[in-house]
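# Remarks on the overall topology
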Amino acid sequence: MKIRTPRHITSILCLIAAMACGTACQDEDTAWDAYEKQLCEVRTDADGQPHEVNLDDGTSTTTALKADGLTPDSVYRAMAVFTRENDGNTLIHALENVIAPYAKENVRSDYGHDAVIPLSCWRSAKYVNLRIAIERSYGHTHNLGFAHEGIRTTPGKKLYKTLEIRLLHDDQEDRKDYRQEIIISCPTGIYSNLLQHGRDSVRMTLPTEKGHKTYTFPF
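Let me begin by describing the structure that accompanies this report. (Residues numbered from 1 in each chain as written. Predicted model: local features only at pLDDT ≥ 70, side-chain atom pairs only at ≥ 80, totals over all residues. Heavy atoms only, no water.)

## Quick word on the nonpolar core
Rule in force here: Working definition of a nonpolar core: buried Ala, Val, Leu, Ile, Met, Phe, Trp, Tyr and Cys residues. They are joined through side-chain atoms within 4.5 Å. For every residue, the accessible area obtained with a 1.4 Å probe (protein chains only) is divided by the maximum for its type, and the residue is called buried under 20%, exposed over 50%, and partly exposed between those limits. By definition, any uninterrupted DSSP run of H or I lasting at least four residues is a helix, any uninterrupted run of E lasting at least two residues is a strand, and each is numbered from the N terminus. We call two residues contacting when some pair of their heavy atoms lies within 4.5 Å.
By size, the foremost hydrophobic cluster in this structure holds 23 residues, and its most contacted members are L130, I132, F146, I165, L167, M204 and L206. Counting residues per element, the ones that place at least two in this core are β8 (127–136), β9 (143–154), β10 (160–170), β11 (178–187), β12 (201–208) and β13 (211–218). Element by element, the count of residues in this core is highest for β8, at four residues. Those residues in contact with L130, other than ones at most four positions away along the chain, are S120, C121, W122, F146, L167, I182, I183, I184, M204 and L206. In this structure, C40, V53, L55 and A80 belong to the second largest nonpolar core, which totals 10 residues.

## Here we look at the sheet that holds β10
Two pairing modes exist for strands in a sheet, parallel and antiparallel, and in both the strands are linked by backbone hydrogen bonds. The condition is simple: If DSSP finds at least two bridges between two strands, the strands pair. Angles here are taken between N-to-C directions and fall from 0 to 180 degrees, while the axes themselves are lines fitted to C-alpha atoms, restricted in helices to the stretch in contact.
With mixed pairing, four strands are arranged side by side in an open sheet as β9-β10-β12-β13. Bordering the open sheet on either side are β9 and β13, each of which pairs with just one other strand. Ignoring which end each strand starts from, the neighbouring axes of this sheet average 20° apart. Judged from the five bridges that link them, β10 and β12 form a sheet pairing that is parallel.

Below, the structure written as structure tokens:
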């Protein structure tokens, strides 16, 4: 298995399964399914079909959802819509695309500073995840990614390291007609050989209208 490189930004297109439509005909005493959403990794099988789904909370399950255009034996980032069944199993109803590009090195310091609106930022086991809004016009392309800006060492009795990552946003001089919310994940598990869990940290910097906003998390 492999996680796709920055040249092949992870994506799952049109991987939406139809949710049950028959609930409208149920009587009023019938309980509705408790649908949940959570980020996950999706592993494809030898035929390029989604097979194993690993939720960020550590839950693992399989799925029979079908998709076109996926690479066999690969890992994709996605948002899962699921229910937890009475028998303890997790049933996947839909998978939605989440881009998860690796942070690139040697990015120009003056590139990618167009403002975003930060909504939330959190760290899971292998990723730093962002929910942001961008202002755009219909049909215009924006570029999003991450820059790896080095590992900073803090001197002292113990050497603490901080992985510096910057969100890149190039709006290509787009108009600001409306806001679109986006979830984007940055893989950080690949730095496990350089950073120590529980001691070091990762800092994410975002460009905003009021300057740069930073989030810092234990690695």
